[in-house]
Amino acid sequence: MDVNKRKFDRKFYSFHPRWLWLGAAAALSFIVSSDGVAQEEKKEEATVIKAIADAAAKAVKAAKSGSGQSGTGANVYQRICLNCHGDKGQGNLQLRTPSIAGLPGWYVMAQLTKFKTRLRGAHEKDLTGAQMHAIALSLNEEQMKEAAAVIAKMPLHATQNTLKGDAAKGMYVYMDQCMECHRYNGSGEVAFRSGQLVGLQDWYMLGQLEKFRAGIRGTDRKDEDGLRMREIASRLRDQDLANVLAYVAQLAEQYVGELNAAADKGGK
Ligand code: HEC
Ligand code: HEC
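Residues numbered from 1 in each chain as written. Chains lettered and ligands numbered in written order. Predicted model: local features only at pLDDT ≥ 70, side-chain atom pairs only at ≥ 80, totals over all residues.

(A) Looking closely at the overall build of the protein chain. Each helix and strand in the protein chain was counted, giving 12 helices and 0 strands. Scanning the protein chain from its N terminus toward the C terminus, one meets helices and strands in the order α-α-α-α-α-α-α-α-α-α-α-α. Of all 268 residues assigned to the protein chain, the portion counted as buried reaches 41%. Long-range pairs, those at least 24 residues apart, make up 71% of the contacts in the protein chain between residues at least 6 apart in sequence. (Helix = DSSP H or I, 4+ residues; strand = E, 2+ residues; numbered from the N terminus. Buried ≥ 20, exposed ≤ 12 C-beta atoms within 10 Å, placed from the backbone. Contact = placed C-beta atoms within 7 Å.)

(B) Representation of the site of ligand 2 in the model. Surrounding ligand 2, one finds 24 residues, the nearest of these being Cys-178, Cys-181, Ser-194, Asp-225 and Met-229. Where the shell around ligand 2 is concerned, the elements lending two or more residues are helix H8 (167-177), helix H9 (179-182), helix H10 (202-214) and helix H11 (224-235). (Near = placed C-beta within 6 Å.)

(C) Quick peek at the packing of helix H5 (residues 105-116) against helix H7 (residues 141-153). It is the contact of H5 with H7, at a shortest axis distance of 8 Å, that shows an interaxial angle of 140°. One way to sum up the angle between H5 and H7 is to call them oblique. Here H5 and H7 pass one another in a crossing that is right-handed. Here Gly-105, Val-108, Met-109 and Leu-112 of H5 lie close against H7, whose contacting residues are Met-144, Ala-148, Ala-149, Ile-151 and Ala-152. A class-by-class count of the residues in the contact of H5 with H7 yields 8 nonpolar, 1 polar and no charged. (Axes fitted to C-alpha atoms, helices over the stretch in contact; angles between N-to-C directions. Parallel < 35°, antiparallel > 145°, perpendicular 65-115°, else oblique. Left-handed = near helix turned anticlockwise from the far one by under 90°. Nonpolar A, V, L, I, M, F, W, Y, C, P; charged D, E, K, R; others polar.)

(D) Spatial organisation of the packing of helix H4 (residues 76-85) against H7. Interhelical geometry of H4 versus H7 gives an angle of 80° and a closest axis separation of 10 Å. When the interaxial angle is binned, H4 and H7 end up roughly perpendicular. The residues of H7 that touch H4, namely those facing Val-76, Tyr-77 and Cys-81, are Gln-143, Glu-146, Ala-147, Val-150 and Ile-151. Of the residues belonging to the contact of H4 with H7, the class tally is 6 nonpolar, 1 polar and 1 charged.

(E) Broad picture of unusual backbone geometry. Notably, Arg-183 is not glycine yet its phi reads approximately 70°, a positive angle. In this fold, Arg-183 is placed in the loop between H9 and H10. Judged by the 18 C-beta atoms lying within 10 Å of it, Arg-183 is partly exposed. Positioned with a positive phi, Arg-193 is a non-glycine residue whose angle comes to about 60°. Locating Arg-193 in the fold gives a position in the loop between H9 and H10. Residue classification places Arg-193 among the partly exposed positions, given that 16 C-beta atoms sit within 10 Å.

(F) Examining the environment of Gly-170 more closely. Looking at the element boundaries, Gly-170 is found in helix H8. For Gly-170, a count of 23 C-beta atoms within 10 Å translates into the label buried. As for Gly-170 and Ala-242, which are separated by 72 residues in sequence, their C-alpha atoms are 7.8 Å apart. Not counting residues within four places of it along the chain, the set of residues in contact with Gly-170 comprises Gly-165, Asn-243, Val-244, Leu-245, Ala-246 and Tyr-247.

(G) Representation of the environment of Leu-236. Topologically, Leu-236 is positioned in the loop between H11 and helix H12 (238-264). The partly exposed category is assigned to Leu-236, around which 17 C-beta atoms lie within 10 Å. Leave out the neighbours within four places in its chain, and Leu-236 touches Leu-209 and Leu-241.

(H) Fine view of the site of ligand 1. Near ligand 1, the surroundings consist of 26 residues, among which Ala-59, Cys-81, Cys-84, Thr-128 and Ala-147 are the closest. For the shell around ligand 1, the leading source of residues is H4, giving 6 residues. Looking at side-chain class alone, the shell around ligand 1 contains 16 nonpolar, 9 polar and 1 charged residues. Two domains share the shell around ligand 1, each providing at least three of its residues, namely domain 1 (1-154) and domain 2 (156-268). (Domains from an automatic or database assignment.)

(I) Region of interest: the nonpolar core. Formed by 59 residues in total, the largest nonpolar core has its most connected members in Ala-59, Ile-151, Val-198, Leu-245 and Val-248. Of all the secondary structure elements, the ones that give two or more residues to this core are helix H3 (42-65), H4, H5, helix H6 (127-137), H7, H8, H10 and H12. The element contributing the most residues to this core is H12, with 13 residues. The residue makeup of this core includes at least three contributed by each of domain 1 (1-154) and domain 2 (156-268). In this view, Leu-245 contacts Leu-163, Gly-165, Gly-170, Asp-202, Met-205 and Leu-206; residues no more than four positions away in its chain are not counted. (Core = buried A, V, L, I, M, F, W, Y, C linked by C-beta atoms within 7 Å.)

(J) Main features of H10. Taking 1.5 Å of rise per residue, the 13 residues of H10 would be expected to cover 18 Å, and the 18 Å separating its terminal C-alpha atoms lies within 8% of that figure. Regarding H10, the residues found buried are Asp-202, Tyr-204, Met-205, Gln-208, Leu-209, Lys-211 and Phe-212. Positive phi shows up at Gly-215, right after H10, with a value of about 75°. (Expected span 1.5 Å × (residues − 1).)

As structure tokens, this is what we get:
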């Protein structure tokens, strides 16, 4: 049985261009989600899935057409990433995509590599991660670097504050449990491999904290950064989540301008 499966896998991998995984992931999320839909959010879920499938289809087409020579004038970001992350890297609630504008180059490279090597986005319950896994598979090192450079130059957007937590309470949590690695201003720190939090939407961060807590992100033994963050996230109490993210939104209000100015100086 195992041998047959391996044979099948080998055939499948060698016959199918990588971009096909993208379509597969979109189809998969469609099937899986439409099963679980019965419980809640029926109609909203259907439009979301349609929007994701459309965006993924566009990205597939772009990845396909650009897989030969680049001569279209458009960069990797514009051809592929824009379809889901938006023209200014602002992300999209409907597509569940994060605002990646202004993320430092080292962090984007690290995450793309994790998506590609299945350290992130490979868990069966990680439907949004599965899409990025498929995208990352279609990229080579050069294309990753190109996209990362474009993203790093995009101005950060202010963090959305949709969860309406209590920022004053969140401040204590942040100072006590987050600041050490994500810094006083939420910019993250390459030395700790910690991501930049300001600029990300609060609903995206909540989703990631929940993934860490549920063992959907940060569980692979080779994912040292993810493991570290998973440990922190599992210590958080439910009521801390919205509060600490409200504080991050406040930090963003305070520091986004400064971080953008620093990035423009070529500091990143
Ligand atoms: C089909 C839609 C889609 C396309 C196209 C796409 N992404 Fe994503 N991306 C996502 C989703 C959804 C997530 C959120 C994954 C999660 O929830 O863990 C994501 C997450 C990311 C992250 C992680 C951000 C963080 O804060 O950790 C990076 C970096 C990223 N994408 C970069 C890119 C780049 C670069 C491209 C183009 C080469 C691209 N994406 C194209 C859907 C897409
Ligand atoms: C010991 C260092 C450390 C501490 C303390 C820490 N983090 Fe992290 N955090 C990380 C690292 C490292 C990552 C990157 C994980 C990866 O590469 O997948 C991360 C990632 C994250 C992410 C995902 C960002 C993204 O772009 O997807 C969020 C959200 C986050 N941390 C929030 C918090 C919050 C809130 C706290 C405090 C309660 C906190 N972190 C405390 C190290 C830390």
